[in-house]
Amino acid sequence: MDHVAKTPEREAFYGQIDSENMSALWTVLGDLITREPKSPCRAHLWRYEAIRRYMMEAGKLITAREAERRVLILENPGLRGQSKITTSLYAGVQMVMPGEVAPAHRHSQSALRFILEGRGAHTAVDGERTIMAPGDFVITPARAWHDHGNETSEPMLWLDGLDIPMVQFFDASFIEGHAEDAQPLTRPDGDSFARYGHNLLPVDFQPKSKASPVFNYPYEHTREALETARRTSEWDPCHGLKLRYVNPVSGESPMPTIGAFMQLLPNGFRTARYRSTDATVFTAVEGRGRSRIGDRVVEWGPRDIFVVPSWHWVTHEADEEAVVFSFSDRPVQQKLDLFREDRGNA
Ligand code: 1HN
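Counting from 1, residues in each chain are numbered in the order their sequence is written. Thresholds applied to this predicted model are a pLDDT of at least 70 for local features of residues and 80 or more for the giving and counting of side-chain atom pairs; totals over whole chains, interfaces and linings are not thresholded and use all residues. With hydrogens and water excluded, all non-hydrogen atoms of the structure serve as input to the side-chain values.

Participant: An account of the environment of Trp158 is needed here, citing residue identities and associated values.
Facilitator: Strands are runs of DSSP state E lasting at least two residues, helices are runs of H or I lasting at least four, and both sets are numbered from the N terminus onward. Following the sequence through the fold, Trp158 ends up in strand β10 (residues 156-162). Spatially, the C-alpha atom of Trp158 lies 5.5 Å from that of Gln94, the residues being 64 residues apart in sequence. Here, residues are in contact when the closest pair of their heavy atoms is within 4.5 Å. Filtering out sequence-adjacent residues up to four positions away, Trp158 remains in contact with Gly92, Val93, Gln94, Val96, Arg113, Phe114, Ile115, Leu116, Met132 and His148. Separated by 2.8 Å, the side chains of Trp158 and Asp160 make a polar contact. Any pair of nitrogen or oxygen atoms within 3.5 Å is treated as a polar contact; in protein, a donor-acceptor pairing is required on top of that, and neighbouring residues in sequence qualify only through side-chain atoms on both sides.

Participant: Give a description of the packing of aromatic side chains that names residues and reports values.
Facilitator: Side-chain rings of Phe, Tyr and Trp (the six-membered ring for Trp) are treated as a pair once their centres are within 6.5 Å; stacked means planes under 30 degrees apart, edge-to-face means over 60, and tilted covers the remaining angles. Per the stated rule, a full pass over the model turns up 14 aromatic pairs. Look at Phe114 and Phe325: their rings are 4.0 Å apart centre to centre, the planes differ by 10°, and that puts the pair in the stacked class. A residue pair is termed long-range when its members are at least 10 positions apart, and Phe114 in strand β5 (residues 111-117) and Phe325 in strand β21 (residues 322-328) qualify at 211 residues. Seen from their ring centres, Phe137 and Phe325 are 5.7 Å apart, and the 45° between their planes marks the pair as tilted. Highlighted residues: Phe137 in strand β8 (residues 137-140) and Phe325 in strand β21, separated in sequence by 188 residues. Just as Phe137 is buried, Phe325 falls in that class too. An aromatic cluster of three or more residues is present, and its members are Phe114, Phe137, Tyr217, Tyr245, Phe325 and Phe327. Lying across the ring of Tyr54, Arg53 places its NZ or CZ 5.6 Å from the centre. Burial status follows relative accessibility: with a 1.4 Å probe on protein chains alone, a residue under 20% of its type maximum counts as buried, one over 50% as exposed, and anything between as partly exposed. By definition here, charges over rings are those cases where NZ of Lys or CZ of Arg is within 6 Å of the ring centre and within 35 degrees of the ring normal.

Participant: Give a description of the nonpolar core that names residues and reports values.
Facilitator: To define a nonpolar core, start from buried Ala, Val, Leu, Ile, Met, Phe, Trp, Tyr and Cys residues and group those joined through side-chain atoms within 4.5 Å. Within the largest apolar cluster, 49 residues are counted, with the highest numbers of intra-cluster contacts made by Val93, Phe137, Leu159, Ile305, Phe325 and Phe327. Beyond its immediate stretch of four places on either side in the chain, Phe137 contacts Leu112, Arg113, Phe114, Phe215, Asn216, Tyr217, Tyr245, Pro254, Ala260 and Phe325. Core analysis: the second largest hydrophobic core is formed by 18 residues, Leu45, Tyr274, Ala322 and Phe339 among them.

Participant: I'd like a rundown of the side chain of His122, residues and numbers included.
Facilitator: Counting through the fold element by element, His122 comes out in strand β6 (residues 122-125). A polar contact is formed between the side chain of His122 and the side chain of Arg129, at a distance of 3.3 Å. If near-sequence neighbours (up to four positions away) are discounted, His122 is found in contact with Arg129, Thr130, Ile131, Met132, Asp147, His148, Gly149 and Glu151.

Participant: Would you mind going over the sheet that holds β6 in detail, with residue names and values included?
Facilitator: Whether two strands pair comes down to DSSP finding at least two bridges between them. Pairing in this open sheet of five strands is antiparallel, and the strands run β7-β6-β9-β4-β11 from one edge to the other. Of all strands in the sheet, those bounded by a partner on one side alone are β7 (128-131) and β11 (175-177). Each neighbouring strand pair of the sheet contributes to a mean axis angle of 25°, computed without reference to strand direction. To get an axis, a line is fitted to the C-alpha atoms, and for a helix only the part in contact is used. The angle between two axes follows their N-to-C directions and goes from 0 to 180 degrees.

Participant: Lay out the environment of Asp342 with the relevant residues and their values.
Facilitator: Within the secondary structure, Asp342 sits in strand β22 (residues 341-342). Considered as a pair, Asp342 and Tyr274 are 68 residues apart in the sequence and their alpha carbons are 5.8 Å apart. When sequence neighbours within four positions are dropped, the list of residues in contact with Asp342 reads Arg273, Tyr274, Arg275, Trp311 and Trp313. A distance of 2.9 Å separates a polar atom in the side chain of Asp342 from the backbone nitrogen of Gly344.

Participant: Run through the sheet that holds β10, naming residues and quoting values.
Facilitator: Judged by pairing direction, the sheet is antiparallel, and its six strands sit side by side in the order β2-β3-β10-β5-β8-β12 without closing on themselves. The strands lining the two open edges of the sheet, one partner per strand, are β2 (71-73) and β12 (216-217). One ladder, built from two bridges, connects β8 with β12; its direction is antiparallel. Within the sheet, the bridge partner assigned to Phe137 lies in β12 and is Tyr217.

Participant: Outline the environment of His312, listing residues and values.
Facilitator: Position of His312 relative to the elements: it lies in the loop between β19 (305-308) and β20 (314-318). Separated by 41 residues in the primary sequence, His312 and Thr271 place their C-alpha atoms 14 Å from one another. Ignoring anything within four residues of it in the chain, the contact list for His312 reads Tyr274, Arg275, Ile293 and Gly294. A distance of 2.9 Å separates the side chain of His312 from the backbone oxygen of Ser310, its partner in a polar contact.

Fair warning: the whole summary comes from geometry, so function is off the table for now.
As structure tokens, then:
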């Protein structure tokens, strides 16, 4: 309200219209429409070691079945109590212990899993299982049945990213439980990747949804793509070498509401400053380094998770060759013509 003076007459007027569920635009305009993005979302890093320690404690307190999903939510310090890591996205770390099942359900929210620890547990999505390993990027599209199980002898931990706040914003949430813990399987393990993951599609393929028919993007392939590209690609001053995951049917993001990326930063690489309107969640797979985010510096190593809010200048610096995963709401902003980025002078 700083550009409009207060007078007793005006204050009285605001009081009158307030009781009729009205308010005067000129008292709030400056907060509604800002010169540039202004968010309570803050830069923050969660150490994997701390997450893991609490996760193991949670493992003694509750089973995956009782919890439905045993997850510790990563709450942005500027958005506490809202189950948000950014204004539009939710993130958490989930653990499935040996022998456990996280029962089948489906919901309007789209989910991604980025595998942090463990090898060999599975998730089933719409009638097909995929076995997961560290660095794998797995999607559970909107309304797809999904359940998780761990038949190995080690705990399995992954980062969950969901569009919960977006669905909340639209008041469009539905969830449904399955009659059985594990949904019936209709296709062999790995079938989707075999069919759709090789730059080929059945000639009359008709997509059933906007989501990718490939639901596991194995780290082995992602790493190879980076390794191959480094031999012939120019390093981008702002990103090192950065790839985006795609839906092979459309070339768009694997799910309509969340974009995901993997980037390579060679040892000693220091990126030029960059800012964009998509607040982004990062986790390192390999290597160590630090990122300056606005006036904060976070030091990261493998499996640490950090968040860069919208329109904050960011630079990354790698002390060892680093491979870094990230996700954001970029595809939504691009569809709505809202996305903007600024590469500084690079
Ligand atoms: C969910 O379905 C999963 O399937 C994880 O693993 C986290 C958070 C809120 C709502 C649904 C999962 C979730 C979730």
